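Notes for the structure review
Chain by chain, the residues run as shown.
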Amino acid sequence: MIDTILDDLNEVQCEAVVNYEGASLIIAGAGSGKTRVLTYRIAYLLSRGVAPQTVLALTFTNKAAREMKERISNLVGPSTRRLWIGTFHSIFARILRTEAEHLGYTSAFTIYDTTDSRSVIKSIIKEMNLDENRYKPANVLGRISMVKNNLVTATAYQANGEAQAQDAAYRQPRIADIYKAYAAKCKNANAMDFDDLLLNTNILFHYHPDVLEKYQRIFRYILVDEYQDTNTAQYLIVKKLTAASRNICVVGDDAQSIYSFRGARIENILNFKNDYPEYKEYKLEQNYRSTQTIVNAANSVIEKNRRQLKKHCFSEGHVGEKISVIKAFTDQEEGFLVASSITDYLYREHADYNHFAILYRTNAQSRIFEDALRKKNIPYKIYGGLSFYQRAEIKDAVAYLRLIVNPNDDEAFKRIINYPTRGIGDTTLDRLQMAATQLNVSLWTTMNTVSPDQMGIRSGIAKKMKEFASLIDSFKTRALSDDAYQLAYDVIKRSGMLADLRDNKTPEGVAKYENIEEFLNSIKEFIDNQQAESEETNTFIPITQYLENIALVTDADTDKPEDRNKVMLMTIHSAKGLEFNYVYIVGMEETLFPGSMSSQSEQDLEEERRLFYVAVTRAAKKASVSYAQIRYRWGNLTSNLPSRFLREIDAVYLDNAEWATVRSNRITANDDNTPRETYSLKQGIPATQRTPQARNTIVPKSSLPQDEFIPDKAADIQAGMEVEHKRFGTGKVISIEGNGSDIKAIVNFYVAGQKTLLMKFAQLRIVK
DNA sequence: CGGCCCCGCGTTTTT
DNA sequence: CGCGGGGCCG
């Protein structure tokens, strides 16, 4: 069986599969059959008598892990169940649960998501009386996350002169203290954040060599997917685990490294040869996915990057269609044109909806395309984005379950102590929190051990707290005998959540109620799946198992059958690893893609270029790129130049007809008759975009306004005047409002409609 | 103490 | 523009 399987592989792929001993570096270009090699290699290992429980395969997404499992079991049958295949985070979370007591945790520890972490940081900033403008929670958390990924603990960070100097330079000298307090609070809550899962694994292996040895013995063969995206913490875990066996196989493509913003180090793959000098290298260069045009066009772009491993990707498929450049006047027109193009291909090539993907740089861009597709009755699915589990009502339900499993989970506690309303308000919580911080214990412990009047809590409220405590305690008891579904159902009912939602007859209330129903269904489904996977049918699936699962799952992991045949909308990041026949890469504009944050440094720019490379190589048959001359960005009109990446595509692969033509101003998607969309080309862009409001704008010198526009002084402008604005044309000043530097003029423009303009920015000329 | 309203802020990208 | 958080009022 296995030998016939090898017939499916080309020569290099076959070599990479068969030589499974020792260190292997597989450089796998986009579409070169990377997953195929990985899965076949594992299947081959098994066929050679390697025990499945000694094989560890690490991926970055649950989807990749699931796909790998599926494909292997298609090759070799059910023996795959004992293989260790999962994401870095899930595998090491599992190990940490087993070894928790070595680190002073219990195996019931909670995994904090980003929202939880941010909230902890926020409360610390408050407690420390720090300037909330200078210390932004998301910012501080980002910094802590970065250093954690470099294995710098709070104590080490405090002692690190360089880090201290840097924080001082950024006028955030207390970050080390925040970090320390944050680590303490997580520990007291028996909680780990995403980064802790990797950091603590390293700590575990460092301070407990016996434990490390145990796992070195277990994992005889380690395979790592997307190796170019590993951060230092992940890299070191792998290095430690393979130190004895030296059986390691990493697969990756430096050209697709797009996660350096969260600590990924492209050096890990570039320097593989230093760590494993005995390594063998395999280059998968033939692309089986895309047309020659697409592969060549992608190559012509990525060539501009300086640091990369040498390889030559090629396709022997059809030459295929050239890449279309869709030039739109406004963001709405961009949506319309892309939707129209999709309709064209649907008819012309009898394509299905799910053959199409719209890829964008930032999630905020999705709206426009949703609107455009909806208008044409094209079904679509937004992939990623706000997860089901991030909805308020689901988080509430999950918070109950989390608190039952781990009563020290302060974030869960805070979320539900007064939901549904039971008369325990902010003041009480503040007092509780103060006591808890002083005692260095969780809110739950404080509530149950400190006398209420010591905290200044009146007896009426204390009674309510007791009731809450015994409610949770009763759930804890039931959790021992009830499975995840029974418990969740009971919790939602007896906590009062269900009644609270049922009484809410607003549309949002109804939606929430339905979401809770869906939540319960998903638990039921989870139990069924787990039982199907284990040998017996009646395995008891406790709530702990369900919680472990959802902490590390994202929306991208759920695939519902009704979403199968829809146009997919997603960020380029989440498109990595996927393929579609027809791909639209939208928002190809300077400051958007490449983003304004990235065009400063050459390194960041190279990462953006790799991102573009990833986007183009998602397409099998046809890629299109689009941009808009003007678009709304945080409520303001902005205008940007077409992305430099368009110019970097070798022009022979472009469908130049559309690229070169300046189309006349068509009234298109904006049939909702908002006046602001009816610009004439003459009034518009890009020549007249040089107002301070549009200071993101990059305007070529040649197209600066020919006629002088001299604005009048802001102080001279008064209500009732007729004024002219470079972009909005003429209009009447309705009123002047505000004071200080925030004086605003409300102007009703004849064409553009009513606008509120900040006087310190707006340049207005008095007409009369 | 809870609900409502207003203000201010934000955009990369995600396990 | 849309969301979340904070503040104010009932």
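Preceding this paragraph is the structure being described.
My aim in this report is to walk through the structure given alongside it, one point at a time. Quantities reported herein were computed from a predicted structural model and do not represent experimental measurements. (Residues numbered from 1 in each chain as written. Chains lettered and ligands numbered in written order. Predicted model: local features only at pLDDT ≥ 70, side-chain atom pairs only at ≥ 80, totals over all residues. Heavy atoms only, no water.)

**Some remarks on the packing of aromatic side chains**
For the structure shown, the criterion picks out 22 aromatic pairs. Ring centres 5.7 Å apart and planes at 45° place the aromatic pair tyrosine 259 and phenylalanine 261 in the tilted group. When its relative accessible area of 51% is taken as the criterion, phenylalanine 261 is described as exposed. For the pair phenylalanine 272 and tyrosine 279, a centre-to-centre distance of 6.0 Å together with 80° between the ring planes defines the contact as edge-to-face. According to the relative accessible area criterion, phenylalanine 272 is buried, its value standing at 0%. Joined through ring pairs, the aromatic side chains of Trp84, Phe205, Tyr215 and Phe219 make up one cluster. The ring of tryptophan 84 has arginine 94 sitting right over it, with the charged end atom 4.1 Å from the ring centre. Residue placement shows arginine 97 over the ring face of phenylalanine 109; its charged tip is 4.2 Å from the ring centre. (Phe/Tyr/Trp six-rings, centres within 6.5 Å; stacked < 30°, edge-to-face > 60°. Buried < 20%, exposed > 50% of the residue type's maximum accessible area, 1.4 Å probe, protein only. Lys NZ or Arg CZ within 6 Å of the ring centre and 35° of its normal.)

**What to know about the protein's contact with DNA strand B**
If you check the shell around DNA strand B, you find 26 residues, and the closest are Arg361, Asn363, Thr427, Thr554 and Thr571. The contact atoms of DNA strand B, taken as those within 4 Å of the protein, divide so that sugar and phosphate hold 57%. At a separation of 3.1 Å, a sugar or linking oxygen of DNA strand B approaches a polar side-chain atom of arginine 262. Contact between DNA strand B and glycine 423: a phosphate oxygen at 3.4 Å from a main-chain N or O atom of the residue. Breaking the surface near DNA strand B down by element, the ones donating at least two residues are helix H21 (426-439) and helix H28 (572-575). Looking at side-chain class alone, the surface near DNA strand B contains eight nonpolar, 15 polar and three charged residues. (Near = heavy atom within 4 Å. Polar contact = N/O pair within 3.5 Å; in protein donor to acceptor, adjacent residues only side chain to side chain. Helix = DSSP H or I, 4+ residues; strand = E, 2+ residues; numbered from the N terminus. Nonpolar A, V, L, I, M, F, W, Y, C, P; charged D, E, K, R; others polar.)

**What about the nonpolar core?**
Residues Leu401, Phe413, Met447, Phe468, Phe519 and Tyr546 are the most contacted members of the largest nonpolar core, which totals 55 residues. At nine residues, the largest contribution of residues to this core is made by helix H19 (residues 392-405). (Core = buried A, V, L, I, M, F, W, Y, C linked by side-chain atoms within 4.5 Å.)

**So, the side chain of aspartate 482**
Along the polypeptide, aspartate 482 turns up in the loop between helix H23 (459-481) and helix H24 (484-494). Given the relative accessible area of 14%, aspartate 482 is considered buried. Other than its neighbours up to four places away in sequence, aspartate 482 contacts Leu487 and Phe540. (Contact = heavy atoms within 4.5 Å.)

**So, the pattern of salt bridges**
Scanning all chains against the criterion turns up 39 salt bridges. Across the salt bridge formed by glutamate 334 and arginine 631, the nearest N and O atoms sit 3.0 Å from each other. Note that glutamate 334 is positioned in helix H17 (residues 331-348) and arginine 631 in strand S16 (residues 619-633), a separation of 297 residues in sequence. Note on accessibility: glutamate 334 and arginine 631 belong to one class, buried. Where salt bridges share partners, they join Lys34, Asp225, Glu226, Asp229 and Lys576 into one cluster. (Salt bridge = Lys/Arg side-chain N within 4 Å of Asp/Glu carboxyl O.)

**Considerations on the protein's contact with DNA strand C**
Around DNA strand C, the surrounding shell consists of Lys122, Lys126 and Arg367. Each atom of DNA strand C within 4 Å of the protein was classed as base or backbone; sugar and phosphate made up 100%. In the environment of DNA strand C, a phosphate oxygen lies 2.8 Å from a nitrogen or oxygen atom belonging to the side chain of lysine 122. Within the side chain of arginine 367, an N or O atom sits 3.2 Å from a phosphate oxygen of DNA strand C.

**Regarding helix H7 (residues 137-149)**
Each full turn of the α-helix corresponds to 3.6 residues, which orients residues three or four apart in the same direction. An ideal rise of 1.5 Å per residue puts 18 Å on 13 residues; H7 measures up with 18 Å between its terminal C-alpha atoms. Taken as a whole, H7 has its buried residues at Pro137, Val140, Leu141, Ile144, Ser145, Val147, Lys148 and Asn149. The secondary structure elements touched by the buried residues of H7 are helix H6 (114-127), helix H8 (154-159), helix H10 (175-188), strand S5 (191-193), helix H11 (194-207) and helix H13 (232-242). Just downstream of H7, leucine 151 is the residue with a positive phi angle, here 60°. (Expected span 1.5 Å × (residues − 1).)

**A few points about the side chain of glutamate 589**
Mapping glutamate 589 onto the fold places it in the loop between strand S15 (580-585) and helix H29 (602-616). When its relative accessible area of 1% is taken as the criterion, glutamate 589 is described as buried.

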